[in-house]
Amino acid sequence: MDLRYSAEDEAFRAELRSWLEKQVPGHGPPPASDDWPARRAYDTAWQRKLHDAGLAGLAWPAAFGGRGLPSSQQLVYLEEYARAGAPYIGVNFVGLMHAGPTLIAEGSDAQRSFHLPRILRGESVWCQGFSEPQAGSDLASLRTRAVRRGDEYLVSGQKIWSTRAHVADWCELLVRTDPEAPKHKGITWLILDMHQPGVKVRPMKTLDGESHFCEVFLDEARVPVSSRVGDENDGWRVANVTLRFERGTAFAQHIITLRTQLLRLAALAKARRGARGTKWDELRGRIGRLWASVEALWRMTQMCISEAERTGVPSPLGSAVKLRYSELGQEITELAVRVAGRSVIGATELAGFATAELAREHLWSLQMTIAAGTSQIQRNLIAQRILGMPKGK
Ligand SMILES: Cc1cc2nc3c(=O)[nH]c(=O)nc-3n(C[C@H](O)[C@H](O)[C@H](O)COP(=O)(O)OP(=O)(O)OC[C@H]3O[C@@H](n4cnc5c(N)ncnc54)[C@H](O)[C@@H]3O)c2cc1C
């Protein structure tokens, strides 16, 4: 793999940089973190701007409304996007990063032509309905039941930890269609319309004061058979395609943002004085090593993205990327909180940075070793699927 950017890549970078420099300030600051209707409006309006500028779905094939750009330009985009401090992908995350890619890989023509343009234009928001109270790491134990009646399924059960389900239009939903089959063999992947009487959504408040994920209660919710992705009882295979996108490429935007966080940490350390000089004098070796780790992780992300370009679906290497990203993110944000010290409590400023933001970022990072599969589960997957080690008893 050649990691150098070509002249065309650099031309794309220059064009993109000038577009972002004009558009990002004009979009204004994000709304309050618990104003979900406003957050949805803010995130989807930004997605619409990207779409209208030809910057939506850069990795998606042109036949499905994307740009079909080479992986090198997708990477340039991510670098410039982070550099410009452009709006977080927010409510568009599931649709753009794993539901849309799953439909590209596994959906029917009708599903693709209905859903993909809406996702790219920021007109529809998706959530993920995989986990249940008794099925997290052991996802295949899920019990939400779908019973076929004529040309639709009636779905009853409960999902949990569904991120942004309270502002979602559609849900990538895993259900049990054959309770008699071995647990991995009786699962089906459905597209659920969230706007119907059989769907009740209850947000849950988290440690950082936000309510970004929800319980979803389903009582004979209706899903047309035409909204099934893949065959009935073949949902475990389709779910693994979704999870490969979720772990392999979905967090690339977050990973490159670690660079920005680390540069800010260095600036904070230089501004902060301890008993024996600045914090920078004390910590520069450690910050240097963290920088090297972020760069190494970015190279792994580049491998994942260019591999997905060749094969259509990211490889199990994504588990290693997701594991390293989530642990590194915690280390960087925790060090930033330590450097800022007591000033993280309360809305003060240090070296031009809002200290409350440092605390918020660290609290946010704590969830990352759980979401999209815990670190223990990623280690199991690395052992079995990358290193070829036998399954434990
Ligand atoms: C911020 C956030 C957002 C999320 N968003 C969504 C979403 O949108 N949609 C969705 O469906 N789900 C979502 N999830 C759920 C997430 O996928 C689960 O929390 C995760 O898979 C772990 O499941 P669990 O919480 O049930 O923990 P458990 O599975 O009960 O695990 C408890 C502990 O046991 C360990 N453990 C379990 N099994 C093993 C094993 N075989 N080997 C070693 N250790 C093991 C785990 O690592 C963990 O430490 C989200 C979670 C978070 C934190």
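Look up: the structure comes first, before these words.
In this text the structure is predicted, and so the values were computed from the model without any measurement.

Student: A description of the overall build of the protein should follow, citing residues and the corresponding values.
Tutor: Of the regular secondary structure elements, the protein holds 11 helices and 12 strands. A compact globule built from 393 residues would reach a C-alpha radius of gyration of about 21 Å, and the protein, at 21 Å, matches this within 12%. Projecting the C-alpha coordinates of the protein onto the three principal axes gives extents of approximately 75 × 45 × 45 Å. Of the contacts made within the protein by residues no fewer than 6 positions apart, 72% connect residues no fewer than 24 positions apart. Carbon together with sulfur atoms contributes 54% to the accessible area of the protein, which is approximately 18200 Å² in total. The average position of the 51 basic charges and that of the 44 acidic charges among the side chains of the protein differ by 5 Å.

Student: Report on the site of the ligand, specifying residues and quantitative values.
Tutor: Taken together, 18 residues form the shell around the ligand, and within it Ser131, Ser137, Trp161, Gln367 and Thr374 come nearest. Backbone polar atom of Phe130 to an oxygen atom of the ligand: 2.9 Å apart, as the coordinates give it. One nitrogen or oxygen atom from the main chain of Ser131 is found 2.7 Å from an oxygen atom belonging to the ligand. Coverage of the ligand by the protein chains reaches 66% of its 980 Å² of free accessible surface. Residue assignment for the shell around the ligand shows that the elements contributing at least two residues are strand E3 (152-163) and helix H11 (375-386).

Student: Help me get a handle on empty space enclosed by the protein, residues and values and all.
Tutor: In total, this model carries 1 cavity of 30 Å³ or more according to the counting rule given. In this structure, the largest cavity occupies an estimated 110 Å³ of space. Lining the largest cavity, in full, are Asn240, Leu243, Arg244, Arg247, Gly248, Ser315, Pro316, Gly318, Ser319, Leu381 and Arg385. Secondary-structure elements contributing two or more residues to the lining of the largest cavity are helix H6 (235-248), helix H9 (317-340) and H11. Taken together, the residues of the lining of the largest cavity sort by class into 3 nonpolar, 5 polar and 3 charged.

The rules we used
- Along every chain, residues carry numbers that run from 1 in the direction the sequence is written.
- This being a predicted model, a pLDDT of at least 70 is required before a residue's local features are given, and a value of 80 or more before pairs of side-chain atoms are given or counted; all residues contribute to the totals for chains, interfaces and linings.
- With hydrogens and water stripped out, all remaining heavy atoms of the structure feed into the side-chain values.
- What counts as a helix is a DSSP run of H or I of at least four residues, what counts as a strand is a run of E of at least two, and both are numbered from the N terminus.
- Here the radius of gyration uses the C-alpha set of atoms, whereas the globule reference equals 2.2 Å times the residue count to the power 0.38.
- We call two residues contacting when some pair of their heavy atoms lies within 4.5 Å.
- Surface exposure here means Shrake-Rupley accessible area, sampled with a 1.4 Å probe, where a residue is shielded only by the protein chains that are shown.
- Counted as positive: Lys and Arg. Counted as negative: Asp and Glu. His and the chain ends are not counted at all.
- In plain terms, the charge of a residue is placed at NZ if it is Lys, CZ if Arg, CG if Asp and CD if Glu.
- Near is defined per residue: the residue qualifies when any heavy atom it owns lies within 4 Å of the molecule or strand.
- The term polar contact refers here to a pair of N or O atoms within 3.5 Å; inside protein, the definition further demands a hydrogen-donor-capable atom paired with an acceptor-capable atom, and it admits residues adjacent in sequence only when both atoms are side-chain atoms.
- Only protein atoms enter the 1 Å grid used here. Points where a 1.4 Å probe fits but cannot escape make up a cavity, open sets with protein on both sides within 12 Å along at least five of seven lines make up a pocket, and a residue lines them when an atom lies within 4 Å of a point.
- Grid points are joined across faces, edges and corners, and a volume is the space filled by probe spheres set on the points.
- Ten residue types, Ala, Val, Leu, Ile, Met, Phe, Trp, Tyr, Cys and Pro, are classed as nonpolar, four, Asp, Glu, Lys and Arg, as charged, and the remainder, Gly among them, as polar.

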